[in-house]
Structures are given as C-alpha cells and as structure tokens.
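Structural overview for review
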Amino acid sequence: MSANYLMDDIEELKTIVASVTSERLQKDLRHLLATKEAALVQAQQAQPRPVAAPKPAVVTPAASAPVSNDNIVYTEISTFAWDDEGYGKPKVTVYITSGIDGVGSLPSDHITCDFTTRSFDLKIKDLNGKNYRLVRYNLDKDIVPNKSKFVAKKNRVTITLVKADDKNTWMNLTAKSAAPTAKPNTADPSAGIMDMMKNMYDEGDDEMKRTIAKAWSESRNKNPGGADVGGLGGL
C-alpha cells in the first residue's frame, strides 16, 4: 500500500477514535492505528532514492544499411550520441553530429521526425543526393510525443525526447525487452478499516453496534468524501 493511502487511513482512524466513547472499541481502533503508522514508516523508508544519471553513450554500429520506405531508399544514420539529463529532469537528448554536413541548409520539409510514446523516426531527404534515417522503436521509457521535437543546425540535428515521467532514469536509449504491462491495482486502501468495523459490528452486542454506528456517522459527516462502508446492519 502506498504512503499516501496509509496517511489517509491514519487520519480517518484518528477521527473515528476521537469520537468513540467505548474503551473496548477505542483499544481496538488504537491498535489498528499503531499498525497503520508502523506500515507508513516502512513505506516511506522503501521509497526509491534518486539515481545518478548515466554518462552520454555513443552508439556506433558496425555498418550502415539502406532503409527502404515508400519507394524512398534511406541510408541508416549509424553514429549518434544520446544523454539522459537524469532523475527529476524532463528530457533525453539524441545528437547526430557526423555524416550530415549541410543539413541545416535544407528546406524545412526535407527534415521530419515522427514521435510516438515509445519511438521516434527522423528522416532527412535529399542531402547531397542521399536520404538519411534514424529510427528507434521500443524506447527505454515512455515519452510525450507532442512535446518532443528536433532542431536542425548547420551540420547537426538534435532530437529532444520529453519524458512522460521525469522521475525515470534511462539506462539505455531502447529497452532490452518489451515494456511490461502494469497490473491494475484493485486493492481498496480502506479495506482494513472497513473489514474491522464490519466484524466488530456483526459480533458486538446492541451497545457496541450503536457505538460503532454513531462513530461512523460522525466520521462521515466530518469527511464526506471518504469511502462508504456498507453492510453495517443496514445503517
């Protein structure tokens, strides 16, 4: 359970404890409160610390191979460098600085770069009689396509990839395996409180039931946005 969920539980438990008059119920609630507070300390200690950004990596494949697309033959750009600004920084930058002399003088429609959440595709057309391309799929992390961009200068092109999450640190430009699919979190952060209250209500005597119903009603009035607990004897 995340620290935020635990803090919400703790605040709600404190509100309930303050409104309960039964010593037995207070004892049980304080025990649960202490358990939640201990779990919060563990969750905060387990939070990841910033990771140092890797140094710029230079990629130099052995040879460039022509790439064909829409009847246009492209020469693959095989030498480039990239750099992650680091943890908490929003950008990853790709630098192409060799083999494309004069690229800055091309018409703007001769240089394009298409972005998706996990790829970029740079195309340079009719540069000294050749077409060049640098495409990378399955990027190491997600990017924001509509914020990513490229800039062409005299003899170089710089591609700026905007991270979807600036807390991510890229260890590679492309992931070594397909991106994992996150499992949905179906856990109810208030389940522990609700289950305990239901059990105490179901097993308690009439006085206990009245006390729990009153405490819960007062808690709901103070925190109308909180989770609803159904099944307390139809109350």
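Up top is the structure.
I will try to describe carefully the structure that is included in this document. (Residues numbered from 1 in each chain as written. Predicted model: local features only at pLDDT ≥ 70, side-chain atom pairs only at ≥ 80, totals over all residues. Heavy atoms only, no water.)

A word on the packing of aromatic side chains
For any pair of aromatic rings, geometry is given as the distance between the ring centres together with the angle between the planes. Tallied over the full model, the rule gives 0 aromatic pairs. Lying across the ring of tyrosine 74, arginine 133 places its NZ or CZ 5.9 Å from the centre. (Phe/Tyr/Trp six-rings, centres within 6.5 Å; stacked < 30°, edge-to-face > 60°. Lys NZ or Arg CZ within 6 Å of the ring centre and 35° of its normal.)

Side note on the side chain of asparagine 131
One can find asparagine 131 in strand β8 (residues 130-136). Looking at asparagine 131, its side chain comes within polar contact range of the main-chain oxygen of valine 73, at 3.3 Å. Apart from the residues within four sequence positions on either side, asparagine 131 is in contact with Ile72, Val73, Tyr74, Thr75, Ile124, Lys125 and Asp126. (Helix = DSSP H or I, 4+ residues; strand = E, 2+ residues; numbered from the N terminus. Polar contact = N/O pair within 3.5 Å; in protein donor to acceptor, adjacent residues only side chain to side chain. Contact = heavy atoms within 4.5 Å.)

Observations concerning the side chain of threonine 93
With respect to the helices, strands and loops of the structure, threonine 93 is situated in strand β5 (residues 91-96). Setting aside residues no more than four positions away along its own chain, threonine 93 makes contact with Ala81, Trp82, Asp83, Thr158 and Ile159.

Some remarks on the pattern of salt bridges
Counted under the stated rule, the structure contains 4 salt bridges. Here aspartate 121 ties to arginine 133 by a salt bridge, and the two come within 2.6 Å at their closest N and O atoms. Taken together, the positions of aspartate 121 in strand β7 (residues 119-127) and arginine 133 in strand β8 put the pair 12 residues apart, joining distant regions of the chain. The exposure classification of aspartate 121 matches that of arginine 133, with both residues buried. (Salt bridge = Lys/Arg side-chain N within 4 Å of Asp/Glu carboxyl O. Buried < 20%, exposed > 50% of the residue type's maximum accessible area, 1.4 Å probe, protein only.)

Thoughts on the pairing of β5
Sheet topology places strand β4 (residues 80-84) next to β5; 4 bridges connect them, and they run antiparallel. Looking at the pairing, aspartate 83 lines up with threonine 93 of β5. Following β4, the chain reverses through 6 residues before pairing antiparallel with β5; glycine 86 in that reversal takes a positive phi of roughly 120°. Here 6 bridges tie β5 to strand β10 (residues 157-162), and the two strands are oriented antiparallel to one another. Counted as the bridge partner of valine 92 is leucine 161 from β10. (Pairing = 2+ DSSP bridges.)

Side note on the nonpolar core
Counting 25 residues, the largest nonpolar core has Val94, Ile96, Phe120, Leu122, Ile124, Ile159 and Leu161 as the members making the most contacts within it. Sorting the residues of this core by element identifies β4, β5, β6 (111-116), β7, β8 and β10 as the ones contributing at least two each. Ranked by the residues each element gives to this core, the list is headed by β7, at 4 residues. Those residues within four positions of isoleucine 124 in sequence are excluded, and the remaining contacts are Tyr74, Ile77, Ile100, Val103, Leu106, His110, Ile111, Lys130, Asn131, Tyr132 and Val157. (Core = buried A, V, L, I, M, F, W, Y, C linked by side-chain atoms within 4.5 Å.)

A look at unusual backbone geometry
In this structure, aspartate 126 is a non-glycine residue whose phi angle is positive, near 55°. Looking at the secondary structure, you find aspartate 126 in strand β7.

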